[in-house]
Amino acid sequence: MTNPGADNPEEDLLALTMRVEDWLFIDGTIDNTVAIAAEDGADSVVEQGHAIREAGWAATRAHPRNKDGWGGWPPADDEISVALPPAAWRFVVDELHRWERVLADGGAEVGADVRDAGKPETRGAAVARRLVERLGA
């Protein structure tokens, strides 16, 4: 697993711009991942998650309207650019999908496909889809 905070030259980073509210959703999702990984002793996942969240916090500190929104963040409808290696963005997408599956089935079938043509797209699925479109994967 690539650690986005360790020895990555800037040219290896991919900066994606999104609404602050989307980054907050990603930050919360990765926070959940880190909490479970810490309980399970999955140190590499904990490091990966911390590095991703720290990249977002750094982008927040650099934002011209930091602290104008909820909890010291920029306003939710502003945009923020976060730079991570492509592998870290793929990790984010995977975790968004993972937690959508957990929510869809109460954790019963974590590997299940949660797409249903009759239901509107969930927040996590929408954020993941937009990231995938930008990653070109």
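Everything that follows concerns the structure shown earlier in this document.
Reading the values: the criteria
Residues numbered from 1 in each chain as written. Predicted model: local features only at pLDDT ≥ 70, side-chain atom pairs only at ≥ 80, totals over all residues. Heavy atoms only, no water. Helix = DSSP H or I, 4+ residues; strand = E, 2+ residues; numbered from the N terminus. Expected span 1.5 Å × (residues − 1). Buried < 20%, exposed > 50% of the residue type's maximum accessible area, 1.4 Å probe, protein only. Contact = heavy atoms within 4.5 Å. Salt bridge = Lys/Arg side-chain N within 4 Å of Asp/Glu carboxyl O.

Chemist: How would you explain helix H4 (residues 123-135) if you had to name every residue and give the values?
Modeler: For H4, which comprises 13 residues, the first-to-last C-alpha distance of 18 Å matches the rise-based estimate of 18 Å (1.5 Å per residue) to within 8%. Among all positions of H4, only Gly124, Ala126, Val127, Ala128 and Leu131 are buried. Buried residues in H4 make contact with strand E1 (14-19), helix H1 (20-40) and helix H3 (86-105). In the segment just after H4, glycine 136 is the residue with positive phi, at about 70°.

Chemist: Provide a residue-level description of the pattern of salt bridges, including the pertinent values.
Modeler: Applying the stated criterion across every chain yields a total of 9 salt bridges. Residues aspartate 22 and arginine 123 are paired through a salt bridge, measuring 3.3 Å at the closest nitrogen-oxygen approach. Placement of the pair is aspartate 22 in helix H1 and arginine 123 in helix H4, with a sequence separation of 101 residues. A relative accessible area of 7% places aspartate 22 in the buried class. As a salt-bridge pair, glutamate 95 and arginine 98 come within 2.9 Å of each other at their nearest N and O atoms. Of this pair, glutamate 95 and arginine 98 both sit in helix H3, separated by 3 residues, roughly a single helical turn. Looking at glutamate 95, the relative accessible area reads 10%, which means it is buried.

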